[in-house]
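Listed here are the chains, written in short residue letters.
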Amino acid sequence: MTKTELEIRPYQAEDNAVLTAVWLDASRIAHDFLGAAKLTEQSKLVSDIYLPQAETWVACLDGKPVGFLGLMDNYIGGLFVSPDAQGRGIGQAMIAHGLKLKGTLTLDVYAKNLRTVAFYEKQGFVETDRRPTDKEGLPFEEISMSLSG
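Residues numbered from 1 in each chain as written. Predicted model: local features only at pLDDT ≥ 70, side-chain atom pairs only at ≥ 80, totals over all residues. Heavy atoms only, no water.

Things to note about helix H2 (residues 36-53)
Each full turn of the α-helix corresponds to 3.6 residues, which orients residues three or four apart in the same direction.
Argument step 1. Spanning 18 residues, H2 covers 25 Å between terminal C-alpha atoms, matching the ideal 26 Å at 1.5 Å per step.
Argument step 2. Lys 38, Leu 39, Gln 42, Ser 43, Val 46, Ser 47 and Leu 51 are the residues of H2 that are buried.
Argument step 3. Buried residues along H2 sit in contact with helix H1 (16-30), strand S2 (55-61), strand S3 (64-72) and strand S5 (104-110). (Helix = DSSP H or I, 4+ residues; strand = E, 2+ residues; numbered from the N terminus. Expected span 1.5 Å × (residues − 1). Buried < 20%, exposed > 50% of the residue type's maximum accessible area, 1.4 Å probe, protein only. Contact = heavy atoms within 4.5 Å.)

Considerations on the packing of helix H3 (residues 90-102) against helix H4 (residues 114-123)
Geometry of a packed helix pair, given as the angle between the helix axes and the separation of the axes.
Argument step 1. Their axes nearest at 11 Å, the elements H3 and H4 cross at an angle of 50°. Between H3 and H4, the angle is such that the two are oblique. Considering only the axes of H3 and H4, their crossing is right-handed. Seen from H3, the contacting residues are Gly 91, Gln 92 and Ile 95; seen from H4, they are Phe 119, Tyr 120 and Gln 123.
Argument step 2. For the contact of H3 with H4, a count of residues per class yields three nonpolar, three polar and no charged. (Axes fitted to C-alpha atoms, helices over the stretch in contact; angles between N-to-C directions. Parallel < 35°, antiparallel > 145°, perpendicular 65-115°, else oblique. Left-handed = near helix turned anticlockwise from the far one by under 90°. Nonpolar A, V, L, I, M, F, W, Y, C, P; charged D, E, K, R; others polar.)

Focus: the packing of aromatic side chains
Argument step 1. Applying the stated criterion to the full structure yields seven aromatic pairs.
Argument step 2. Measuring from ring centre to ring centre gives 6.2 Å for Tyr 110 and Phe 140, while their planes differ by 85°; the resulting arrangement is edge-to-face. Here Tyr 110 is found in strand S5, whereas its partner Phe 140 is found in the loop between strand S6 (126-131) and strand S7 (142-148), with 30 residues between them in sequence.
Argument step 3. Relative accessible area serves as the criterion here: at 11%, Tyr 110 is assigned to the buried category.
Argument step 4. Residues Tyr 120 and Phe 125 carry aromatic rings whose centres are separated by 5.2 Å and whose planes lie at 65° to one another, so their mutual orientation is edge-to-face. (Phe/Tyr/Trp six-rings, centres within 6.5 Å; stacked < 30°, edge-to-face > 60°.)

Some details on the nonpolar core
Argument step 1. Grouped together as the largest cluster of nonpolar side chains are 24 residues, with contacts concentrated most on Ile 76, Ile 90, Ile 95, Tyr 120 and Phe 125.
Argument step 2. Of all the secondary structure elements, the ones that give two or more residues to this core are S2, S3, strand S4 (75-81), H3, S5, H4 and S7.
Argument step 3. By residue number, the principal contributor to this core is H3, which donates four residues.
Argument step 4. Apart from residues no more than four positions distant in its own chain, Ile 90 is found in contact with Leu 6, Ala 59, Leu 61, Val 66, Val 81 and Ala 85.
Argument step 5. Membership of the second largest hydrophobic core comes to 16 residues, among which are Trp 23, Leu 34, Leu 51 and Tyr 110. (Core = buried A, V, L, I, M, F, W, Y, C linked by side-chain atoms within 4.5 Å.)

Here's what the structure looks like:
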């Protein structure tokens, strides 16, 4: 049995379809409360705007993209790992990569996304703010968090 190799590399245009699928698969679990129509709408934004325009880093296992970290300065716009690759330390490695690059990281996470909130807390993120609605004004509580290296 061989050890699986994790590589973190810059985004390439040919990553778009697989990373959009990773986003949608992970979001169906983490953001199920948003509903299928909203997730489908957001997946187009991920594909057309967020992946190509953010500073996007791709996590690959044995050369295959399985997740990504999207940065805007030191703000994490998105950190998603394919559900079948979760639990292998990929998210933790992506956080460490972002922290090494930026020194401090900030993010917003839905309060209902309990598993992800717990993941960020385990990585050392602390809550800095809480709002009753998301950025679109929808009634989904958001938590702002930060981590300093």
